[in-house]
Amino acid sequence: LDAKDPYTRGHSERVALIARRLGKELGLPEEDLRNIYFSGLLHDIGKISVDDRILCKPGHLTEEEIKKIQEHPVIGFEIVRKLNNLHQVLPGVRNHHENYNGKGYPDGLQGEDIPLMARILAVADGYDAMGSDRPYREGMTLETLENIFRRGSGEQWDAKVMQAYFDTREDILNICERYTLSGG
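Anyway, here's the lowdown on the structure attached to this text. Since we're looking at a predicted model, the values are computed, not measured.

### Here we look at the nonpolar core
Next up, step 1: Counting residues in each nonpolar core, the largest one holds 24 residues, and the members touching the most others are Leu22, Val123, Tyr127, Phe149 and Tyr165.
Next up, step 2: Broken down by element, this core gets its largest block of residues, 8 residues, from helix α7 (residues 116–131).
Next up, step 3: With sequence-adjacent residues up to four places away left out, Tyr165 is seen in contact with Leu22, Val123, Tyr127, Leu142, Leu145, Glu146, Phe149 and Ile172.
Next up, step 4: The next biggest cluster of nonpolar side chains, apart from the first, holds 6 residues, and it includes Phe77, Leu86, Val89 and Leu90.

### Structural notes on the packing of aromatic side chains
Centre distance and the angle of the planes are the two values used to describe a pair of aromatic rings.
Next up, step 1: Applying the stated criterion to the full structure yields 5 aromatic pairs.
Next up, step 2: For the ring pair Tyr37 and Phe38, a centre distance of 5.8 Å and an interplane angle of 65° mean the geometry is edge-to-face.
Next up, step 3: On the basis of relative accessible area, Tyr37 is assigned to the buried category, the value being 15%.
Next up, step 4: Residue Phe38 is classed as partly exposed on the basis of its relative accessible area, which comes to 34%.
Next up, step 5: Taken together through their ring pairs, the aromatic side chains of Tyr127, Phe149, Trp157, Tyr165 and Phe166 make up a single cluster.
Next up, step 6: Sitting over the face of the ring of Phe77, Arg94 holds its NZ or CZ atom 4.9 Å from the ring centroid.

### Topic: the packing of helix α1 (residues 11–25) against helix α2 (residues 30–42)
Next up, step 1: Here α1 crosses α2 at 155°, and the two axes come no closer than 7 Å. Taken as axis vectors, α1 and α2 run roughly antiparallel relative to one another. At the point where α1 passes α2, the crossing takes the right-handed sense. In this structure, α1 uses Ser12, Glu13, Val15, Ala16, Leu17, Ala19, Arg20, Gly23 and Lys24 to contact α2, whose residues at the interface are Leu33, Ile36, Tyr37, Gly40 and Leu41.
Next up, step 2: Here the residues of the contact of α1 with α2 are counted per class, giving 8 nonpolar, 3 polar and 3 charged.

### Focus on the layout of surface pockets
Next up, step 1: Within this model, the largest pocket holds a volume of roughly 950 Å³.
Next up, step 2: As for the largest pocket, its lining consists of 34 residues, and the residues nearest its centre are His97, Tyr105, Ala129, Arg134 and Tyr136.
Next up, step 3: Contributions of two or more residues to the lining of the largest pocket are made by α3 (52–55), α4 (63–70) and α7.
Next up, step 4: Among the elements that line the lining of the largest pocket, the one with the most residues is α7, at 5 residues.

### Observations regarding the pattern of salt bridges
Next up, step 1: In the structure shown here, the tally under the stated rule is 13 salt bridges.
Next up, step 2: With a closest N to O distance of 3.5 Å, Glu112 and Arg119 form a salt bridge.
Next up, step 3: A relative accessible area of 8% places Arg119 in the buried class.
Next up, step 4: Taking the shortest distance from any N to any O, the salt bridge between Glu112 and Lys160 comes out at 3.3 Å. With Glu112 in the loop between α6 (90–95) and α7 and Lys160 in helix α9 (residues 159–181), this residue pair connects regions lying 48 residues apart in the sequence.
Next up, step 5: On the basis of relative accessibility, which here comes to 48%, the residue Glu112 falls in the partly exposed class.
Next up, step 6: When salt bridges with common partners are traced through the structure, they connect Glu112, Arg119, Asp158 and Lys160 into a single cluster.

What counts and how
- Residues numbered from 1 in each chain as written.
- Predicted model: local features only at pLDDT ≥ 70, side-chain atom pairs only at ≥ 80, totals over all residues.
- Heavy atoms only, no water.
- Core = buried A, V, L, I, M, F, W, Y, C linked by side-chain atoms within 4.5 Å.
- Buried < 20%, exposed > 50% of the residue type's maximum accessible area, 1.4 Å probe, protein only.
- Helix = DSSP H or I, 4+ residues; strand = E, 2+ residues; numbered from the N terminus.
- Contact = heavy atoms within 4.5 Å.
- Phe/Tyr/Trp six-rings, centres within 6.5 Å; stacked < 30°, edge-to-face > 60°.
- Lys NZ or Arg CZ within 6 Å of the ring centre and 35° of its normal.
- Axes fitted to C-alpha atoms, helices over the stretch in contact; angles between N-to-C directions.
- Parallel < 35°, antiparallel > 145°, perpendicular 65-115°, else oblique.
- Left-handed = near helix turned anticlockwise from the far one by under 90°.
- Nonpolar A, V, L, I, M, F, W, Y, C, P; charged D, E, K, R; others polar.
- 1 Å grid on protein atoms, 1.4 Å probe; cavity = no way out; pocket = protein on both sides within 12 Å on 5 of 7 lines; lining within 4 Å.
- Points joined across faces, edges and corners; volume = space filled by probe spheres on them.
- Salt bridge = Lys/Arg side-chain N within 4 Å of Asp/Glu carboxyl O.

Structural data, given as structure tokens:
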């Protein structure tokens, strides 16, 4: 996936590292942290089925193009579902775009019905996606990103996971900085 979309190079690894740190802050056991990490690595695997012209499009996407991108969690779920040793990561792959208020996709899950793994990945994914350059926009400043997080806490994102982010924000900044310095 990194080779397919140069703008998201390293995104999955950063999401995995951030999500694992959030899970640790939430007091999850080591096995859950390992599963969250692997789910973070695989969360966007379904994008391999999305046309490169859509993934790398510099302008706004059409409604049809948005629908194609929104298919990636289900496609990723179907890919990973076939791998018996990875079933424990399926909730994160399928549901990382669910919103706490029920307005996400693909299943329109709400609140605690969204698997915790997916709620954690949603914050990690949001952090990295908003902070990174994309073909259609520059990455947001940390201040802007955190203002969006504050406004979306309890709406788009689980407030408990959001609190874990703010409690560990320095660690997360360090994780991303170390990742960048290591050439990731």
